[in-house]
Number of protein chains: 2
Amino acid sequence: MRARSTTASDPTVLERLRGAGLRPTRQRLALARLLFARGDRHVTAEALFTEAKQHRVNLSLATVYNALHDFTGKGLLREIVLDSNRSCFDTNTSDHHHFYFERSGRLEDIPAEQVRIAALPQAPDGASVSRVDVIIRVDG
Amino acid sequence: MRARSTTASDPTVLERLRGAGLRPTRQRLALARLLFARGDRHVTAEALFTEAKQHRVNLSLATVYNALHDFTGKGLLREIVLDSNRSCFDTNTSDHHHFYFERSGRLEDIPAEQVRIAALPQAPDGASVSRVDVIIRVDG
DNA sequence: CTTTAGTTTAGAATTGTTCTAATCTACTTG
DNA sequence: CAAGTAGATTAGAACAATTCTAAACTAAAG
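Q: Got a minute to help me understand the pattern of salt bridges in this structure?
A: Any two side chains of opposite charge can pair, on the condition that their charged atoms come close. Residue and element names in this part refer to chain B. Inspection of the entire model under this criterion finds 14 salt bridges over all chains. For the salt bridge of Glu51 with Arg38, the shortest nitrogen-to-oxygen distance reads 3.5 Å. Of this pair, Glu51 sits in helix 3 (residues 45-54) while Arg38 sits in the loop between helix 2 (26-36) and strand 1 (42-43), and the two are 13 residues apart along the sequence. Residue classification places Glu51 among the buried residues on the basis of a relative accessible area of 10%. Taking the relative accessible area as the measure of exposure, Arg38 reaches 55% and is therefore exposed.

Q: I tried to follow the sheet that holds strand 2 (residues 78-83) of chain B on my own but got confused; where do I start?
A: Hydrogen bonds between backbone atoms are what pair the strands of a sheet, whose relative direction is either parallel or antiparallel. Residue and element names in this part refer to chain B. Taken in spatial order, the three strands line up as 1-3-2 in an open sheet, and their pairing is antiparallel. Among the strands making up the open sheet, the edge pair consists of strand 1 and strand 2. Two strands pair when backbone bridges link them, and strand 1 and strand 3 (residues 86-90) are joined in this way by two bridges, in the antiparallel orientation. The partner of His42 across the bridge, within strand 3, is Asp90. Along the sheet, helix 4 (residues 61-73) contacts strand 1, strand 2 and strand 3; its crossing angle with strand 3, the most-contacted strand, is approximately 50°.

Q: I tried to follow the interface of chain A and chain B on my own but got confused; where do I start?
A: A common way to state how big an interface is: give the accessible area lost once the parts meet. On the side of chain B, 38 residues touch chain A, which itself brings 38 residues to the contact. Between chain A and chain B lies a buried interface of about 2900 Å² when both sides are counted; carbon and sulfur atoms form 58% of it. Counting the contacts that link chain A with chain B gives two salt bridges. Among the salt bridges present, the one from Arg137 of chain A reaches Asp133 of chain B, with a minimum N-O distance of 2.8 Å. Contributions of two or more residues to the side of chain A that touches chain B are made by strand 2 (78-83), strand 3 (86-90), strand 4 (96-101), strand 5 (107-111), strand 6 (116-118) and strand 7 (129-138) of chain A. For the side of chain A that touches chain B, the leading source of residues is strand 7 of chain A, giving ten residues. A per-class count over the side of chain A that touches chain B returns 20 nonpolar, eight polar and ten charged. Alignment of strand 7 of chain A against strand 7 (residues 129-138) of chain B, held across nine bridges, turns out to be antiparallel. Across the sheet, Ile136 of chain A pairs through a bridge with Val132 of chain B, a residue of strand 7 of chain B.

Q: Could you clarify how one ought to interpret the protein's contact with DNA strand C in this entry?
A: Not every one of the 22 residues close to DNA strand C is listed here, only the nearest: Arg18, Tyr65 and Ser87 of chain A together with Thr25 and Thr63 of chain B. Each atom of DNA strand C within 4 Å of the protein was classed as base or backbone; sugar and phosphate made up 84%. A distance of 3.0 Å separates a phosphate oxygen of DNA strand C from a polar backbone atom of Ser60 of chain B. Elements with a minimum of two residues in the surface near DNA strand C: helix 4 (61-73) and strand 3 of chain A together with helix 2 and helix 4 of chain B.

So, how was this worked out
Residues numbered from 1 in each chain as written. Chains lettered and ligands numbered in written order. Predicted model: local features only at pLDDT ≥ 70, side-chain atom pairs only at ≥ 80, totals over all residues. Heavy atoms only, no water. Salt bridge = Lys/Arg side-chain N within 4 Å of Asp/Glu carboxyl O. Helix = DSSP H or I, 4+ residues; strand = E, 2+ residues; numbered from the N terminus. Buried < 20%, exposed > 50% of the residue type's maximum accessible area, 1.4 Å probe, protein only. Pairing = 2+ DSSP bridges. Contact = heavy atoms within 4.5 Å. Axes fitted to C-alpha atoms, helices over the stretch in contact; angles between N-to-C directions. Buried area = accessible area lost by both parts, 1.4 Å probe. Nonpolar A, V, L, I, M, F, W, Y, C, P; charged D, E, K, R; others polar. Near = heavy atom within 4 Å. Polar contact = N/O pair within 3.5 Å; in protein donor to acceptor, adjacent residues only side chain to side chain.

Below, the structure written as structure tokens:
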């Protein structure tokens, strides 16, 4: 028998939320379980909402948006900008980049080490670089 | 007296449209003049629409969207994805990247040569890379 | 000219997201 | 444990960017 990771009250997820200073409500716990149970994931708000409903989690779409933003604000997620009409969130918050399969919409992580950026231009006038995003768009 | 570049029927712009296989209508000519008269520009649909109105060009917002997409389809423009809630179009269609000043929303081009990407990972399974986008987000 | 295929348009519709204000609930303190 | 309270959730309205629709228009070809 397997561990029922989506229904059991998972102490890891609970601590993860508390550790981030987020009150571990029923809704956040459920979403966090969906997001962090498996390995790295890329989700949109709508997709996560649908998934939650499929798992009989009772919550509203607004809560999904709130949770995704709260999680992102606390560094549990990272927002990726791919399409100019939907936001995507990544459970992998370490430094990395992406392959974007334009046909299917699928995303694949690229470890930061695999992309070496040489000769970065001066960030003009004391402006500090907050992040470098590399998106490799592929047809496949 | 200066050349009235926005009102004169500019043969360059006209040929540019025709060369791209786009019927040179009054609206497209006006937009093309605004876009290509000066050097490289980054515009959103709304911003271009506003600018057109300021120049007493009579057209609808839908036409601006149509024109931007048609121009992009013919390689006269390039779409940049920065924000997940508005599309931006770049008159510089050559290979290059961007500084994105998150505070002001300003964009600055980085010539492709200045960003050397080493050790690109395999594009999985015969998938061909259609484009590599590098966005350097700066606070300034 | 006339025809026709491509273009424009106003406004409605759609989509993704945020807001609002009422209700609820996790946590603190007594 | 019983309040009290700050924070969270919610349904639905509101919003912003974009696309759609179907009718009217127009550039180019015949």
